[in-house]
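Take a look at the letters that make up each chain.
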Amino acid sequence: MITTGRWFNMAQSSESGSRGMLLGTHLTEALSVFYLDPVHDTALEPGKDAVIEVPVDALPLNADVKRCTGKIRAGVISHTASPEQSSTGVTITGPGNDTKDYTIAVDAPTRPRNVTVRLDGGDVFFRFGDQMTANEYALPDFSANVNAFLDTYTGPLPVRLRFIVTSDSTGSADIVLDPLDFTRIQTQTWVNAADGTTRAEKPFELDFGDLRDAELLALPADGSQEKLVALSYDVTGEFGPERTLGEATLHHATNEFASIGSDFGVAQRVRSNVDAQVTGVALAISNETAATLYVGLHSDLDDLPDAGSPALGESQVAIDAGDGTPRWCYATLQAPVMLRAGEPAWIVCRGIQGSARLAVARTDVALLEYFRISRGGHLWRTFSQSDRDTPRGLARLVYLPDAENGAAAAELLLASASTQVVHATSALDPTAQLTSQRLALTGVTAGDHIVATIRSSARGTLTLQKVIQEYT
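*Asks:* Kindly report on the overall build of the chain, identifying the contributing residues and their values.
*Replies:* When helices and strands are tallied, the chain shows one helix and 38 strands. Evaluated residue by residue, the chain yields a buried proportion of 42% over its 472 residues. Accessible surface for the chain amounts to roughly 24100 Å². Of this, 49% is attributable to carbon and sulfur atoms.

Set out below in structure tokens:
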């Protein structure tokens, strides 16, 4: 770094004599004042772009910069010859009409004036409209500009931030950066099983109660902590208006089933937690052959289905042959049924043609209460006389939400693969218009593999795209 200065030269002329008398001789006095000014590595020329490259050793190419600040240091331009000077003269009349002539010489301005700063290819993020009389000025947070620069950077490593500085006058400048705050990013891709191509979007066809893995890539071993701190994504989709009442996933299911046929029926008591207009029933059915089932919604009488009164709502559903794996089957009621919050009702199912099996859970499932089975459809009894854990038949009400009891079409969950602890969730109500979301994670430890799961409460399609994992 070179240090130079600005000279201010003052030449003083006077005529001496008696008060009121002007003499013809002149006495000239010169006074010079010196101010220290820094000279920086980059010279600025009026109206021209000056390039300042700043290498950043700690900045990886896949960085997502959260905060970036710094300073621009202003100074004079280095002169190989004496600065060009301009002069002006004044005459001052003092006491007794004494007059003195002064000549003032000042070197031409050499400090930056009307300065702009931007990164190569980007917009101006700093502007100073006057002359830079101070030696340094703070730069605002320009992290967005750095991220845009990194998106197109093809230069050598370490990354060299290329600043473009302009000034209306000569001078010099340097840029220094404060420590950066950033995470690393990994852009998600998936392999399309149909044609083997790699794509940046993943479509899902979802039904009531579906639970689907979004298949996140493992974090790279690049010297970081490999700790996921956030997931950002864009989502589009289209869903029908109906939603399941309560969580409708099959992870509660065991390897136990209750038979449904012409001689066997099942009944599961449900209790809605909101006023709901019920339009159908979803059943977790396992079957190998095609079947047709009766599904009815009945009122409660003494903790059993009220067989003496007409059903609140009824339906028949044809079920295609399956592989024996439980899946949700949806039966639409002939007409909607209004259930009040806290009012118990029974979902009753029996076979019309063929047979099937209803999956049974051995844990508490929200909104599900007693489970009963019958032979011949008349006498209801418990699933097993020796049960210690109360069984539940996996059945769900499907309803039409309104302003008072709305629910999201689906949900994205981020959980630990080893402990199953859910670290973050986000409601998904996608439309044809792209929406962007970001899920921040807390409590994740380094090396903890995170899985992303979509849990559906509706029927429709959903596409994830521009999925980015942020990690440290």
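There is more to say, and it comes next.
*Asks:* Hey, could you go over unusual backbone geometry for me, with residue numbers and the actual values?
*Replies:* Geometrically, the link from Leu-157 to Pro-158 is a cis peptide bond, its omega value of 0° lying close to zero. Here Asn-114, not a glycine, exhibits a phi torsion of approximately 50°, which is positive. Examined against the element boundaries, Asn-114 turns out to sit in strand β9 (residues 113-119).

*Asks:* Residue-level account of the pattern of salt bridges, with values.
*Replies:* Evaluation of the coordinates by the stated rule reveals 23 salt bridges. In this structure, Asp-303 and Arg-269 form a salt bridge, with 3.0 Å as the shortest nitrogen-oxygen distance. Separated by 34 residues along the polypeptide, Asp-303 in the loop between β24 (291-301) and β25 (304-305) and Arg-269 in strand β22 (residues 264-271) bring together distant segments of the chain. For the salt bridge of Glu-470 with Arg-438, the shortest nitrogen-to-oxygen distance reads 3.0 Å. Of this pair, Glu-470 sits in strand β38 (residues 460-471) while Arg-438 sits in strand β36 (residues 435-440), and the two are 32 residues apart along the sequence. What you see here is one network of salt bridges that share partners, running through Arg-269, Arg-271, Asp-300, Asp-303 and Glu-369.

*Asks:* Outline the sheet that holds strand β13 (residues 171-177), listing residues and values.
*Replies:* Either a parallel or an antiparallel arrangement is found when strands of a sheet pair, and the pairing is made through backbone hydrogen bonds. As summarised here, the arrangement of the four strands in space is β3-β13-β6-β11, forming an open sheet in which the pairing is antiparallel. Every other strand in the sheet has two partners, leaving β3 (42-44) and β11 (136-139) as the edge strands with one partner each. Ignoring strand direction, the axes of neighbouring strands in this sheet form an average angle of 30°.

*Asks:* Go over the sheet that holds strand β35 (residues 422-428) with me, naming the residues and quoting the values.
*Replies:* Taken in spatial order, the four strands make up an open sheet running β18-β37-β34-β35, and their pairing is antiparallel. Looking along the sheet, the strands with just one partner apiece sit at the ends: β18 (211-213) and β35. Between one strand axis and the next, the sheet turns through 25° on average, direction left out of account. Pairing of strand β34 (residues 410-416) with β35, which is carried by six bridges, proceeds in the antiparallel orientation. Looking at β35, one finds that Leu-414 is bridged to Ala-424.

*Asks:* Outline the nonpolar core, listing residues and values.
*Replies:* Across soluble globular proteins, nonpolar side chains have a tendency to be buried as a group. Core analysis: the biggest nonpolar cluster contains 46 residues, and Leu-283, Ile-285, Leu-293, Leu-297 and Leu-397 have the highest contact counts within it. Residues in contact with Leu-397, not counting those within four places in the same chain, are Arg-243, Thr-244, Leu-245, Val-270, Val-278, Gly-280, Val-281, Leu-297, Leu-339 and Ile-347. Residues Leu-44, Phe-142, Phe-163 and Val-165 belong to the second largest nonpolar core, which totals 30 residues.

*Asks:* Lay out the environment of Ser-259 in plain terms, naming residues and giving numbers.
*Replies:* Within the secondary structure, Ser-259 is located in strand β21 (residues 253-260). When the C-alpha positions of Ser-259 and Ser-374 are compared, they lie 9.5 Å apart, and in sequence the two are 115 residues distant. If we ignore the near neighbours within four places in the chain, the residues touching Ser-259 are Phe-264, Gly-265, Val-266 and Ala-356.

*Asks:* Tell me about the pairing of strand β17 (residues 201-206), and please be specific about residues and values.
*Replies:* Residues Lys-202, Phe-204 and Leu-206 point to one face of β17 and are all buried, whereas Glu-201, Pro-203 and Glu-205, pointing to the other face, are not buried. In this sheet, β38 lies alongside β17 in antiparallel orientation, the contact comprising six bridges. Residue pairing across strands places Pro-203 opposite Thr-463, the latter belonging to β38.

*Asks:* How would you summarise the packing of aromatic side chains if you had to cite specific residues and measurements?
*Replies:* Scanning the entire structure with this criterion turns up seven aromatic pairs. Aromatic pair Phe-125 and Phe-163: ring centres 6.5 Å apart, planes at 65°, arrangement edge-to-face. Here Phe-125, found in strand β10 (residues 124-131), pairs with Phe-163, found in strand β12 (residues 159-166); they are 38 residues apart in sequence, far enough to count as distant. When sorted by exposure, Phe-125 lands in the same class as Phe-163, which is buried. For the pair Phe-208 and Tyr-330, a centre-to-centre distance of 4.9 Å together with 45° between the ring planes defines the contact as tilted. Residue Phe-208 is located in the loop between β17 and β18, and its partner Tyr-330 is located in strand β27 (residues 327-339); the two are separated by 122 residues in the primary sequence. A single burial state applies to Phe-208 and to Tyr-330, both of which are buried. Three or more aromatic residues link up through ring pairs in this structure, and these residues are Phe-125, Phe-142 and Phe-163. One residue, Arg-357, lies across the ring of Phe-257, its end atom 4.2 Å from the ring centre.

Definitions and limits used
- Residues numbered from 1 in each chain as written.
- Predicted model: local features only at pLDDT ≥ 70, side-chain atom pairs only at ≥ 80, totals over all residues.
- Heavy atoms only, no water.
- Helix = DSSP H or I, 4+ residues; strand = E, 2+ residues; numbered from the N terminus.
- Buried < 20%, exposed > 50% of the residue type's maximum accessible area, 1.4 Å probe, protein only.
- Areas by Shrake-Rupley, 256 points an atom, 1.4 Å probe, with all protein chains shown as cover.
- Salt bridge = Lys/Arg side-chain N within 4 Å of Asp/Glu carboxyl O.
- Pairing = 2+ DSSP bridges.
- Axes fitted to C-alpha atoms, helices over the stretch in contact; angles between N-to-C directions.
- Core = buried A, V, L, I, M, F, W, Y, C linked by side-chain atoms within 4.5 Å.
- Contact = heavy atoms within 4.5 Å.
- Phe/Tyr/Trp six-rings, centres within 6.5 Å; stacked < 30°, edge-to-face > 60°.
- Lys NZ or Arg CZ within 6 Å of the ring centre and 35° of its normal.

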